[in-house]
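Descriptive analysis of the structure
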Amino acid sequence: MVGVEAGGEGIVPGHHAARFQGGRLGVLQGTRTYVLADDDGQILLTHSVSAGLDYAAVGPEHARLRDRGRVQYVAADDAAALRAFRTLAELEGILPALESAHVIAHVIEAAPRMGREEIVLVNLSGRGDKDVDQATRFCELLPALAARGDDADAAGALCAERDGPAASSGAKRGADHRP
Ligand SMILES: Cc1ncc(COP(=O)(O)O)c(C=O)c1O
C-alpha cells in the first residue's frame, strides 16, 4: 500500500505537510506521532493547497503502518495534485477532493511503470465539490507554473503576485488550519 502526503510547495520547512518526509516523533494536541517540528519540538507552520492535509501531525494509525512497513508513504506537491484534480475531472467526470487528488497524482506518475495486468485500487477519501473554487483559482496558475519550468514552485507565490498580499499563503494558512 502507498500513502500520499501533501508535498505543498516542496519539502522545505513551513512549505509542506509531509510528516513522514520532513517530520519527527513528537506530540501535538495530545497525540504522539510524526509531526513537523523544529529541533526544540516547536510545531512548524504547514502549507498545502488542500485544507484537509494542511496540518502538522499525522494520524497515529498511519505512523504505525509506516513503522511496520505495511505502507510506503510518498508525497505529491500542490501543482501535481491540481493537475490530477483536473485530469480526473476531464477524463472520468469525477471531482476528487483536493486531498484525494494527491493520490491520483501519484498514480498518474507511477502507473506507466506498472505492468498492464496490475490493478490499482485508489481510495478517493472525499468529493471535490467543496474544492472547486480553490482548484479553479490555482489551476488558472498552472500554465504560468509550467512556463517557469518549476513545478514545485509555489502556486501560492503566484497567487500572491496576482491577487496581492491578502491572498498570500500566509493569510491562507491562518484560515485553513484544521485537523
Ligand atoms: C477529503 C479528505 N481526505 C483526507 C483527509 C485527511 O484525512 P486524515 O487526516 O485522516 O488522513 C481529509 C481531512 O480533512 C479530507 O477532508
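Let me sum up the structure you'll find in this document.

Basis of the calculations
- Residues numbered from 1 in each chain as written.
- Predicted model: local features only at pLDDT ≥ 70, side-chain atom pairs only at ≥ 80, totals over all residues.
- Helix = DSSP H or I, 4+ residues; strand = E, 2+ residues; numbered from the N terminus.
- Buried ≥ 20, exposed ≤ 12 C-beta atoms within 10 Å, placed from the backbone.
- Contact = placed C-beta atoms within 7 Å.
- Near = placed C-beta within 6 Å.
- Nonpolar A, V, L, I, M, F, W, Y, C, P; charged D, E, K, R; others polar.
- Expected span 1.5 Å × (residues − 1).
- Axes fitted to C-alpha atoms, helices over the stretch in contact; angles between N-to-C directions.
- Parallel < 35°, antiparallel > 145°, perpendicular 65-115°, else oblique.

1. Side note on the overall build of the protein
Counting its secondary structure elements, the protein contains 8 helices and 4 strands. Along the protein, helices (α) and strands (β) appear in the sequence β-α-β-β-α-β-α-α-α-α-α-α when read from the amino end. Counting the 179 residues in the protein, one finds 36% classified as buried. Here the analysis covers contacts within the protein between residues at least 6 apart in sequence; of these, 58% occur between residues at least 24 apart.

2. Here we look at the site of the ligand
Within the structure, the ligand sits among Gly52, Leu53, Gly59, Ala97, Glu99, Ser100, Ser125 and Gly126. A breakdown of the residues in the shell around the ligand according to their chemical character gives 2 nonpolar, 5 polar and 1 charged.

3. Some details on helix H4 (residues 98-110)
Think of an α-helix as 3.6 residues a turn; residues three or four steps apart then line up on the same face. For H4, with 13 residues, the first-to-last C-alpha span of 19 Å sits near the 18 Å given by 1.5 Å per residue. Those residues of H4 not exposed but buried are Leu98, Glu99, Ser100, Ala101, His102, Val103, Ile104, Ala105 and His106. Buried-residue contacts for H4 involve strand E1 (2-8), strand E4 (72-77), helix H3 (78-92) and helix H5 (132-139).

4. So, the packing of H3 against H4
In contact at an axis separation of 7 Å, H3 and H4 are set at 90° when each is read in the N-to-C sense. Judged by the inter-axis angle, H3 sits roughly perpendicular to H4. Residue-level inspection shows Ala80, Ala81, Arg83, Ala84, Phe85, Thr87 and Leu88 of H3 in contact with H4, the latter providing Leu98, Ala101, His102, Ile104, Ala105 and Ile108. For the contact of H3 with H4, a count of residues per class yields 10 nonpolar, 2 polar and 1 charged.

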